[in-house]
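# Observations on chain architecture
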Amino acid sequence: MPLLRVEDLKIHYPIKSGIFSRQTGRIRAIDGINFTICARGSLAIVGKSGAGKSTIGRALVGLEQVTSGQIIYAGRNMIQATNRRLTDYEKAIQLISKDEFNFVGRHMLVLDYIASPLRNFCNLSVTAEKARVMELLSVVELSSDTAAKSLAQLNESELCRVLIARALTRAPKLLIIDGLITSLDAFAQRQILRILQGMQRETQLSWLMLTNDLSLAILMCGQIAMLDAGRFVELGTSGDIRNHASHIYTRRMLAANPPADPTQREQLKKYRCALEREFTATQVTRAHLSAANLPLQQLSSTHFVAIPDK
Ligand SMILES: Nc1ncnc2c1ncn2[C@@H]1O[C@H](COP(=O)(O)OP(=O)(O)OP(=O)(O)O)[C@@H](O)[C@H]1O
């Protein structure tokens, strides 16, 4: 059963010029993409800077005006949803990105930062609220002392885990992780993966990673969609992409982010096998590749590639 289905999504921005700001063209930031995320699924959308990753993330949480297409959750198109349905959706789909900290003072205490959504959405006593924050800190493998620290005192990995803890206050079904993990060291990246897999087992959590690091995507996600200038050019399981990358864009990105250190291959293999097993529930079909007018070639039951325009 799909958790979220995106159909023929297009997001175009107007280009305006002249003293009357007339529209003279448009930027096709996202130009007809389709994808499905199932419960306990993990999808990475991988693309170069400017490919459109953040635009997709923002559109999924209603921060971007959609030109056309559908975002279907629980059988309903969320682009036309009423406020009541939107509230459920807003809790279920949480976006975390580093930009979050642009809107918060770094002097804020971790306790207050994690608790703020609880204060807006739940009516908890001070004791219950503190207990919930401590519980979430332990889920993200941070000690209870962290609650009394300010955000400024945390390192990148701790900040990333605090962001995840805050998103978890709303018991989301899908976490959208924009950038963030890319800049962490290999140890911290694996720690985040372990935390997400724990949540996946306990709460059926799914995640969508938006990243320019294909090796990281292969490590963290069961399915990968390669995004180039707002369109998907290749889609498959992480094994398909790692071992049989077919589109020139994917091959170039693999070359730019070479697979991890050979001494860690066995461990990576273990992670990937687990992810792919969990991912068998997801049906990848021809329709999951971009609806843009690119001829498609099916390489296997899970692997699709767009044949570039001549
Ligand atoms: N508000 C906007 N108005 C006009 N163009 C925009 C706007 N927001 C994004 N764009 C354009 O849309 C395209 C996709 O941008 P987006 O930020 O989604 O890319 P990205 O893949 O997330 O890049 P990065 O990895 O550098 O963050 C870019 O060409 C960008 O300039």
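Residue indices follow the written sequence of each chain, beginning from 1 at its first position. A pLDDT threshold of at least 70 governs which residues receive local features in this predicted model, and a stricter bar of 80 or more applies before side-chain atom pairs are shown or counted, although totals over entire chains, interfaces and linings include all residues.

## Section: the overall build of the chain
A tally of helices and strands in the chain yields ten helices and twelve strands. Residue burial is a threshold on neighbouring C-beta atoms within 10 Å of the residue's own C-beta, all placed from the backbone, with 20 or more meaning buried, 12 or fewer meaning exposed, and counts in between meaning partly exposed. Counting every position in the chain, which comprises 310 residues, the buried fraction comes to 41%. Long-range pairs, those at least 24 residues apart, make up 70% of the contacts in the chain with a sequence separation of at least 6. For helices the rule is a DSSP run of H or I covering at least 4 residues; for strands it is a run of E covering at least 2, with both sets numbered from the N terminus onward. What counts as a contact is two residues whose backbone-derived C-beta atoms lie within 7 Å of each other.

## Considerations on the packing of helix 3 (residues 110-121) against helix 4 (residues 126-139)
Two numbers describe how helix 3 lies on helix 4: the axes approach to 10 Å, and their chain directions differ by 115°. By the angle between their directions, the pair helix 3 and helix 4 is classed as roughly perpendicular. Along this stretch, helix 3 crosses helix 4, giving a crossing that reads as right-handed. Between helix 3 and helix 4, the contacting residues are L111, I114, A115 and L118 on the first element and E129, R132, V133 and L136 on the second. Under the convention adopted here, Pro, Cys and the residues Ala, Val, Leu, Ile, Met, Phe, Trp and Tyr are nonpolar, Asp, Glu, Lys and Arg are charged, and Gly plus all remaining residues are polar. Here the contact of helix 3 with helix 4 is composed, by residue class, of six nonpolar, no polar and two charged. All axes are obtained by fitting lines to C-alpha atoms, using only the stretch in contact for helices, and the reported angles, taken between N-to-C directions, cover 0 to 180 degrees. Should an angle fall under 35 degrees it is taken as roughly parallel, and over 145 as roughly antiparallel, whereas 65 to 115 is taken as roughly perpendicular and any remaining angle as oblique. Crossing chirality is assigned from the near helix's rotation relative to the far helix, an anticlockwise turn below a right angle marking it left-handed and a clockwise turn marking it right-handed.

## A short note on the site of the ligand
Every residue close to the ligand is listed here: Y13, I27, A29, G47, S49, G50, A51, G52, K53, S54, T55 and N212. Listing elements by their share of the shell around the ligand, those giving two or more residues are strand 2 (22-38) and helix 1 (53-60). Sorting elements by how many residues they give to the shell around the ligand places helix 1 first, with three residues. Class assignment of the residues belonging to the shell around the ligand gives a composition of four nonpolar, seven polar and one charged. A molecule or strand has a residue near it when that residue's C-beta atom, placed from backbone coordinates, lies within 6 Å of it.

## A short note on the confidence of the model for the chain
pLDDT runs from 0 to 100 and stands for how confident the predictor is about each residue. The pLDDT averaged across the chain works out to 83; a share of 85% of its residues lies at or above 70. Of all the helices and strands in the chain, helix 10 (residues 265-278) carries the lowest mean pLDDT, 54, while helix 1 carries the highest, 95. Under a pLDDT of 50 for its full length, residues 278-293 has, in the predicted model, 44 contacts with residues more than four places off or in other chains.

## Re the sheet that holds strand 1 (residues 2-17)
One key point about sheets: their strands pair by backbone hydrogen bonds, in either a parallel or an antiparallel sense. One requirement defines pairing of two strands: DSSP has to find at least two bridges between them. Taking strand neighbours across the sheet as the criterion, the four strands line up as 2-1-4-5 in an open arrangement whose pairing is antiparallel. Two strands lie at the open edges of the sheet, namely strand 2 and strand 5 (76-77), each paired on one side alone. With 13 bridges joining them, strand 1 and strand 2 adopt antiparallel strand pairing. Paired with V6 across the two strands is F35, which belongs to strand 2.

## Describing helix 1
The buried fraction of helix 1 is high, at seven of eight residues. Inspection of helix 1 places K53, S54, T55, I56, G57, A59 and L60 among the buried residues, and these make up the whole buried set. Backbone geometry just downstream of helix 1 places G62 in the positive-phi region, at approximately 80°.

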